[in-house]
Amino acid sequence: MKVSFANGRSHSVCVHDGPDGYLLTAVVAGADVVDLWIRLYREAWEKNRHSRLVGFRIDVEGQMIAHGWTPKDGLTAEAFQTLVRAVAREADRYEFHLTGADRR
């Protein structure tokens, strides 16, 4: 799903339906960008230390991914939408920091 922001930017978020919860992911930067910035591994680790809702990782394809997870039990539409927007927002911010563009 595509999330649009008031500043005209947008970001796509994928929802992965698991047995007990939802995993939301958004590509921050492709492998072509990650390969240029070896420091991204440490940056992702640093960001994860200070975040409780959205984390970052490099996937098997070498892409920087933003992700968030929520259990299904007791999940409201409002809480789900908050998580979707948070993943999209953090992915978009980091994408802009790394590339200066709105690619996703």
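Higher on the page you've got the structure.
A. Quick peek at the overall build of the protein. Per the secondary structure count, the protein includes three helices and six strands. Its C-alpha atoms give the protein a radius of gyration of 14 Å, near enough to 13 Å, the size a compact globule of 104 residues would have. Taking the principal axes of the C-alpha coordinates as reference, the protein spans close to 40 × 30 × 25 Å. A total of 104 residues make up the protein; the buried ones form 38% of that total. Sequence-distant contacts in the protein: of pairs separated by 6 or more residues, those separated by 24 or more amount to 64%. Total accessible area on the protein is roughly 6,400 Å²; 53% of this is exposed by carbon and sulfur atoms. If the 14 positive side-chain charges of the protein are averaged to one point and the 14 negative ones to another, these points end up 5 Å apart.

B. Spotlight on the nonpolar core. Among the nonpolar cores identified, the biggest contains 24 residues, and V13, V28, F56, M64 and V87 are the most heavily contacted of them. The set of elements that each furnish at least two residues to this core consists of β4 (21–29), α1 (31–34), α2 (40–49), β6 (64–71) and α3 (77–99). Sorting elements by how many residues they give to this core places α3 first, with nine residues. Residues within four places of M64 in sequence aside, it is in contact with A26, V27, V28, A29, V34, L40, A44, F56, R57, I58 and Y94.

C. Looking closely at the packing of α2 against α3. Running from amino to carboxyl end, α2 crosses α3 at an angle of 150°, the nearest separation of the two axes being 14 Å. Here α2 is positioned roughly antiparallel relative to α3, judged by the angle of their axes. Our pair here, α2 against α3, has a crossing hand that is right-handed. Facing α2, whose interface residues are L40, E43, A44 and K47, α3 presents Y94, H97 and L98.

The rules behind the values
Residues numbered from 1 in each chain as written. Predicted model: local features only at pLDDT ≥ 70, side-chain atom pairs only at ≥ 80, totals over all residues. Heavy atoms only, no water. Helix = DSSP H or I, 4+ residues; strand = E, 2+ residues; numbered from the N terminus. Rg over C-alpha atoms; globule rule 2.2 N^0.38 Å. Buried < 20%, exposed > 50% of the residue type's maximum accessible area, 1.4 Å probe, protein only. Contact = heavy atoms within 4.5 Å. Areas by Shrake-Rupley, 256 points an atom, 1.4 Å probe, with all protein chains shown as cover. Lys, Arg positive; Asp, Glu negative; His and termini not counted. Charge placed at Lys NZ, Arg CZ, Asp CG, Glu CD. Core = buried A, V, L, I, M, F, W, Y, C linked by side-chain atoms within 4.5 Å. Axes fitted to C-alpha atoms, helices over the stretch in contact; angles between N-to-C directions. Parallel < 35°, antiparallel > 145°, perpendicular 65-115°, else oblique. Left-handed = near helix turned anticlockwise from the far one by under 90°.

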